[in-house]
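Here is what each chain is made of, one letter per residue.
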Amino acid sequence: MDPLILPMLIAVLRERPRDEVAEVIDAIGFMCFYAAVTPTDRLAALRALIDTFHENPNDELVQWKVARAFESFNHPDCLSLLSVIERCGSIAPLRHEAQRSLALAVEQPSM
């Protein structure tokens, strides 16, 4: 995937139906983990994913997918949120995903 499409994918998070959002979360996480994304676009993606997480408190799939995408971001806001999910989350698969993503995120370049 070409990192130039990342801003368009971020827009989908804010403007499209839930099924499209769920798919785009995966694409953003993949792109930020494997591609050379600019620091500005990487930070915009992280902010959009954090917003998506908070805007969907009752959607376990979206929350799980966002927690999985967080593996791509070694940023204090992301690491803090993953730690809270890991310690306090009420859904076991989400807690486990937060733990897995946290271990991978700390290996990413700091933002």
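Use the structure listed above.
Residues numbered from 1 in each chain as written. Predicted model: local features only at pLDDT ≥ 70, side-chain atom pairs only at ≥ 80, totals over all residues. Heavy atoms only, no water.

Engineer: Report on the overall build of the chain, specifying residues and quantitative values.
Structural biologist: A tally of regular secondary structure across the chain gives six helices and zero strands. Relative to the globule expectation of 13 Å for 111 residues, the C-alpha radius of gyration of the chain, 13 Å, shows essentially globular dimensions. In terms of principal-axis extent, the alpha carbons of the chain reach across some 35 × 30 × 20 Å. The buried share among the 111 residues of the chain stands at 45%. Restricting to contacts in the chain with at least 6 residues of sequence separation, those with at least 24 account for 67%. Only carbon and sulfur atoms are counted for the fraction: they give 56% of the accessible area of the chain, which is about 6000 Å². (Helix = DSSP H or I, 4+ residues; strand = E, 2+ residues; numbered from the N terminus. Rg over C-alpha atoms; globule rule 2.2 N^0.38 Å. Buried < 20%, exposed > 50% of the residue type's maximum accessible area, 1.4 Å probe, protein only. Contact = heavy atoms within 4.5 Å. Areas by Shrake-Rupley, 256 points an atom, 1.4 Å probe, with all protein chains shown as cover.)

Engineer: Could you give an account of a nonpolar patch on the surface, naming the residues involved and the relevant values?
Structural biologist: On the surface, a cluster of nonpolar side chains totalling about 380 Å² of accessible area is made up of Met 1, Phe 30 and Tyr 34. Inspection of the secondary structure puts Met 1 in the segment before α1 (6-15). (Patch = residues over 30% accessible without salt bridge, like charges linked within 9 Å, V, L, I, M, F, W, Y side chains within 5 Å. Salt bridge = Lys/Arg side-chain N within 4 Å of Asp/Glu carboxyl O.)

Engineer: Give a description of helix α3 (residues 39-55) that names residues and reports values.
Structural biologist: In a regular helix each residue adds 1.5 Å, so 17 residues correspond to 24 Å; α3 covers 24 Å between its end C-alpha atoms and thus fits that length. Of the residues making up α3, those classed as buried are Arg 42, Ala 45, Leu 46, Ala 48, Leu 49, Ile 50, Thr 52 and Phe 53. Elements that come into contact with the buried residues of α3 comprise α1, α2 (18-34), α4 (60-69) and α5 (76-88). (Expected span 1.5 Å × (residues − 1).)

Engineer: Lay out the pattern of salt bridges with the relevant residues and their values.
Structural biologist: By the definition in use, this model includes eight salt bridges. As a salt-bridge pair, Arg 47 and Asp 77 come within 2.5 Å of each other at their nearest N and O atoms. Taken together, the positions of Arg 47 in helix α3 and Asp 77 in helix α5 put the pair 30 residues apart, joining distant regions of the chain. For Arg 47, a relative accessible area of 34% translates into the label partly exposed. Arg 100 is the salt-bridge partner of Glu 71, the closest N and O atoms lying 2.6 Å from each other. Highlighted residues: Glu 71 in the loop between α4 and α5 and Arg 100 in helix α6 (residues 92-105), separated in sequence by 29 residues. Residue class for Glu 71 comes out buried when judged on its relative accessible area of 13%.

Engineer: Account for the packing of α2 against α3, with residues named and values stated.
Structural biologist: Where α2 meets α3, the closest approach of the two axes is 11 Å, and the angle between their N-to-C directions is 145 degrees. The handedness of the crossing between α2 and α3 comes out as left-handed. Only Arg 42, Ala 45, Leu 49 and Thr 52 of α3 make contact with α2, whose side of the interface consists of Val 21, Ile 25, Ile 28 and Cys 32. Grouping the constituent residues of the contact of α2 with α3 by class yields six nonpolar, one polar and one charged. (Axes fitted to C-alpha atoms, helices over the stretch in contact; angles between N-to-C directions. Left-handed = near helix turned anticlockwise from the far one by under 90°. Nonpolar A, V, L, I, M, F, W, Y, C, P; charged D, E, K, R; others polar.)

Engineer: Account for the side chain of Thr 52, naming residues and giving values.
Structural biologist: Relative to the elements of secondary structure, Thr 52 occurs in helix α3. For Thr 52, a relative accessible area of 3% corresponds to the buried category.

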